[in-house]
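Close look at the chain arrangement
Each chain, written out:
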Amino acid sequence: MEPITLCGLVIVMFGLWVEFEHAVKAVVRVICRSKLFTEALSSSPVHKPVYVKRLPTCLAKAYYG
């Protein structure tokens, strides 16, 4: 593209952003607050407990005491 076309495109995009900024932000806010979106982001895998043998108290005191 020619530089003058790119400059015109930037000016048009800036004008559209100024015109529709509030509407775009409102739509994004509604999407981010939707239950489906929050569940998709917050769903983490269920952590299974790790079974570890613990040291007897007398041995633990020898190591950490």
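Remember, it's a predicted structure, so these values are computed and weren't measured experimentally. (Residues numbered from 1 in each chain as written. Predicted model: local features only at pLDDT ≥ 70, side-chain atom pairs only at ≥ 80, totals over all residues. Heavy atoms only, no water.)

In terms of regular secondary structure, the chain is built from three helices and zero strands. Listing every helix and strand of the chain by position from the N terminus yields α-α-α. Surface summary for the chain: the accessible area is close to 6,700 Å², and the carbon and sulfur share equals 70%. (Helix = DSSP H or I, 4+ residues; strand = E, 2+ residues; numbered from the N terminus. Areas by Shrake-Rupley, 256 points an atom, 1.4 Å probe, with all protein chains shown as cover.)

Let us now look at the confidence of the model for the chain. Model confidence for the chain is summarised by a mean pLDDT of 79, while 65% of its residues fall at 70 or above. Here helix 3 (residues 57-64) stands out as the element of the chain with the lowest mean pLDDT, 56, in contrast to helix 1 (residues 3-33), whose mean of 94 is the highest. (pLDDT = per-residue confidence, 0-100.)

Turning to a nonpolar patch on the surface, a few remarks are in order. The grouping of M1, L6, L9, V12, M13, F14, L16, W17, V18, F20, V24 and V28 at the surface amounts to a nonpolar patch, some 1,200 Å² of accessible area in total. Structurally, the position occupied by V28 is in helix 1. (Patch = residues over 30% accessible without salt bridge, like charges linked within 9 Å, V, L, I, M, F, W, Y side chains within 5 Å. Salt bridge = Lys/Arg side-chain N within 4 Å of Asp/Glu carboxyl O.)

In this structure the tally under the stated criterion is one salt bridge. Between E21 and K25 there is a salt bridge whose closest N-O contact spans 3.1 Å. You can see E21 and its partner K25 sitting in helix 1, four residues apart, about one turn around the helix. Using a relative accessible area of 41% as the deciding quantity, one classes K25 as partly exposed. (Buried < 20%, exposed > 50% of the residue type's maximum accessible area, 1.4 Å probe, protein only.)

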